[in-house]
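Analysis of the macromolecular model
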Amino acid sequence: MRHPPPAAGTVKASSLRVRRQLVTSPWLFAAPGLLVAGLFVLYPFVSTVVNAFTDRRTLVPGEFVGLANFRELLHDDMFWIGLRNSALYVVGVVPALVVLPLLLALLVQRNIPGITFFRSAFYTPVVASIVVVGLIWVWLLDERGLVNSLLETVGVGRVGFLSDQWLLLVSAMTVTVWKGLGYYMIIYLAALAHVPRELHEAAAVDGAGAVRRFLTVTVPAVRSTMVLVGALSSVAAFKVFSEVYLMAGPSGGPAGEDTTLVMLVQRTGTGLTGRIGYASALSLVVFVVTVALMLLVLRADRREES
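Residues numbered from 1 in each chain as written. Predicted model: local features only at pLDDT ≥ 70, side-chain atom pairs only at ≥ 80, totals over all residues. Heavy atoms only, no water.

Counting its regular elements, the protein contains 13 helices and zero strands. The helix and strand sequence of the protein, counted from the amino end, reads α-α-α-α-α-α-α-α-α-α-α-α-α. Its C-alpha radius of gyration of 27 Å places the protein more than 25% over the 19 Å reference for a compact globule of 306 residues. Scored against the burial criterion, the 306 residues of the protein give a buried share of 34%. Taking the contacts inside the protein whose residues are at least 6 apart along the sequence as the reference set, 67% of them involve residues at least 24 apart. As presented, the protein carries roughly 18,700 Å² of accessible surface, and 69% of it is formed by carbon and sulfur atoms. Charge centroids of the protein, computed over 24 positive and 18 negative side chains, lie 16 Å from each other. (Helix = DSSP H or I, 4+ residues; strand = E, 2+ residues; numbered from the N terminus. Rg over C-alpha atoms; globule rule 2.2 N^0.38 Å. Buried < 20%, exposed > 50% of the residue type's maximum accessible area, 1.4 Å probe, protein only. Contact = heavy atoms within 4.5 Å. Areas by Shrake-Rupley, 256 points an atom, 1.4 Å probe, with all protein chains shown as cover. Lys, Arg positive; Asp, Glu negative; His and termini not counted. Charge placed at Lys NZ, Arg CZ, Asp CG, Glu CD.)

See below:
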């Protein structure tokens, strides 16, 4: 027994319902993520931009002051100290985090017995808490720490790793590089897995040694990954906080000379008398500089390709 065909109105309504579901269903799935991003990313960013042009404090709403906070930055000695230290951090950390993880990835790429243990060992600092890592290095580099005890034993004498302005900054850079090696090593391992072995074999047949194969085969093959690592490490280095804060203390080392920009934001914008407006202006400067760093890295990469 054949059923009569559905009415034209019923078919049209069903088609309309399906089209509505196709439009609304993706937004329903994305709604939780969009809500979280709006509450914890978009709203704080917009609020920071607005507060940067006000004199808001912790318990005072504040009023619009225009560019007064940014003009004050130009005459703030601590701002220039923080900018200098953050820039030095980028210069000291980024080259090491671009080159050393690549060499480490080449070392652990080989399938030899026990290599899994070394891969896990190199990656362990990445998953360790930065607070724990910082405290361990403070105990190691303290005046009465293990490193100074060993130096004194061999007759070198104690070194003020945590009391000298520049040594403290270098010590913090060392912690950052040590903790980031495993993370960027994993990124390089993924890139090296796609490098054809035939290229290395052909270069070896032509008489190229290990160093020459590294420069002529490996580096060009992973150049895009090196750019990615450079961009990520540049942004992370310029926004450094935990390492310097743990090793230098809230004051930022001797006379605050090791203060970074993010430490200055934290110090200025917290507490009952925190200057939220001024701290927001500092945060906006950090945001602009980090975006500029990423654009410079990407532009340099495109120029090299062309």
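Turning next to a nonpolar patch on the surface. The grouping of L42, F45, V46, V50, F287, V288, V291, L295 and L298 at the surface amounts to a nonpolar patch, some 780 Å² of accessible area in total. Contributing elements (two or more residues each) for the nonpolar patch: α1 (8-51) and α13 (276-305). The element contributing the most residues to the nonpolar patch is α13, with five residues. (Patch = residues over 30% accessible without salt bridge, like charges linked within 9 Å, V, L, I, M, F, W, Y side chains within 5 Å. Salt bridge = Lys/Arg side-chain N within 4 Å of Asp/Glu carboxyl O.)

Per the counting criterion, the structure on display carries three salt bridges. Residue R84 is joined to E257 by a salt bridge in which the shortest nitrogen-to-oxygen separation is 3.3 Å. One end of the pair, R84, is in helix α3 (residues 77-108); the other, E257, is in the loop between α11 (242-248) and α12 (261-269), with 173 residues separating them in the sequence. Linking E152 and R158 is a salt bridge whose minimum nitrogen-to-oxygen distance equals 2.8 Å. The exposure class assigned to E152 is partly exposed, which follows from its relative accessible area of 44%. Given the relative accessible area of 37%, R158 is considered partly exposed.

Remember, this is a structural readout, not a statement about activity or role.
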